[in-house]
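Secondary and tertiary structure notes
Residues per chain are reported as follows:
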Amino acid sequence: MTYIMKKLCLFSFILLLSSSLFLACGDKSKDKDQGQEEVAYSPGKDSDIQQYNLEQKRKTNKNRTPCDTIALTEYILQNNPAGSYLAEFDRTLTYNVPKSAVIYFDKDGSRYVFAVVAKSKPGERLIELKNVIGYDASFIDYDSTKLGTSFFYLDLFRCNGETFEPVWEAPIPSHGGFNWMQLELWPDKNLSYVRVNFHYGSGIGHIDYNYFLIDGINAKPHLLMTYEGINFKRTIANVNNDKYPDYYEWVYYDLGSKVYSNDKVPFVWVEKQKLYVNTRNKKQTRPY
């Protein structure tokens, strides 16, 4: 056999081997995708996976306390419809390990916890947290429902011995892009509120859903949405000095070469209408 023929045979063998490996990897990738799809449409399999993950956390976490995050995660899985999960902070922050979206605090001798919960739309594919959290997920409203439709909620629980007692649940009007949450204080009225932050990629900015504890911790909160981007902004304000927060809608001007704002329109909460009303144009209202 000539030198050239040997080279051709060796090249053919390498090419055949590479093709076989490529096809094998392709089959494995296809099998993996099919497996994920099966779980996404099977609440039972999804529940088994979540329970397995919880069991691994129990084994690695030796410093357990009543009503801790592991217990809360299990409570949410067991007491909500299939496809409901305790949300996590966006990984783009400084956390190497995802931080659960919870705020623990003590008041009047009881322990409470705020939690952001993501739920799947009934009848659709079960959501995955990785598809509804973070900057890329903020574009979800422009996508199809192939990855499932998520509904976010802010829940308040009271720790009752070894279990949780639900106090209230408030919807968060967003389907994707969750970033983080924190407890803040409105200095004008010395009023606490929970700020839930979402990415807003299409507007190059962010949206905050602010839940004000107007009538105390046990009453359902009052929602005020604020936001900020390159050519839009809404900020919390105290316009008419009642117990409800108001806001300023900033007016922006785009000159092509620059974008700037030199005006802001006050909106006040009208309790009888359950709406925010433009003080300059009563016909313009907003629900939150």
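Look above for the structure.
Summary of the structure given here. (Residues numbered from 1 in each chain as written. Predicted model: local features only at pLDDT ≥ 70, side-chain atom pairs only at ≥ 80, totals over all residues. Heavy atoms only, no water.)

A short note on the packing of aromatic side chains
All chains considered together, the criterion is met by 21 aromatic pairs. With a centroid separation of 6.0 Å and an interplanar angle of 50°, the aromatic rings of Phe-114 and Trp-168 are classed as tilted. Separated by 54 residues along the polypeptide, Phe-114 in strand S3 (residues 110-120) and Trp-168 in strand S5 (residues 163-172) bring together distant segments of the chain. For the pair Phe-114 and Trp-168, a shared accessibility class is recorded, and that class is buried. Both rings, one in Phe-178 and one in Phe-198, keep their centres 5.6 Å apart while their planes meet at 70°; by these two values the pair is edge-to-face. Taken together, the positions of Phe-178 in strand S6 (residues 178-186) and Phe-198 in strand S7 (residues 191-200) put the pair 20 residues apart, joining distant regions of the chain. Phe-198 shares its class with Phe-178; the two are buried. Grouping aromatic residues by their ring pairs yields a cluster made of Phe-89, Phe-152, Phe-178, Phe-198 and Tyr-209. The ring of Tyr-247 carries Arg-234 above its face, with NZ or CZ at 3.9 Å from the centroid. (Phe/Tyr/Trp six-rings, centres within 6.5 Å; stacked < 30°, edge-to-face > 60°. Helix = DSSP H or I, 4+ residues; strand = E, 2+ residues; numbered from the N terminus. Buried < 20%, exposed > 50% of the residue type's maximum accessible area, 1.4 Å probe, protein only. Lys NZ or Arg CZ within 6 Å of the ring centre and 35° of its normal.)

With respect to the environment of Leu-224
With respect to the secondary-structure elements, Leu-224 resides in strand S9 (residues 222-228). Distance in space between the C-alpha atoms of Leu-224 and Tyr-211 is 6.6 Å, their sequence separation being 13 residues. Every residue in contact with Leu-224, bar those within four places of it in the chain, is listed here: Asp-208, Tyr-209, Asn-210, Phe-212, Ile-236, Pro-245, Asp-246, Tyr-247, Tyr-276 and Tyr-288. (Contact = heavy atoms within 4.5 Å.)

A closer look at the sheet that holds S6
Here 9 strands make up an open sheet; going across it, the order is S6-S7-S8-S9-S10-S11-S12-S13-S14 and the pairing antiparallel. Looking at the sheet topology across the chains shown, the edges are occupied by S6 and strand S14 (285-286). (Pairing = 2+ DSSP bridges.)

Section: the pairing of S6
Pairing between S6 and S7: 8 bridges, direction antiparallel. Of the residues in S7, the one forming a bridge with Trp-186 is Leu-191. Connecting S6 to the antiparallel partner S7 that follows it, the hairpin turn spans 4 residues, and Asn-190 within it adopts a positive phi of roughly 50°.

Quick look at the state of the cysteines
Evaluation of the coordinates by the stated rule reveals 1 disulfide. In this model, Cys-67 is linked to Cys-159 through a disulfide, with the two sulfur atoms separated by 2.1 Å. Across the disulfide from Cys-67 to Cys-159, rotation about the S-S bond amounts to roughly 85°, and the bridge is consequently right-handed. One end of the pair, Cys-67, is in the loop between helix H2 (43-60) and helix H3 (69-79); the other, Cys-159, is in strand S4 (residues 150-160), and 92 residues separate them in sequence. (Disulfide = S-S within 2.5 Å.)

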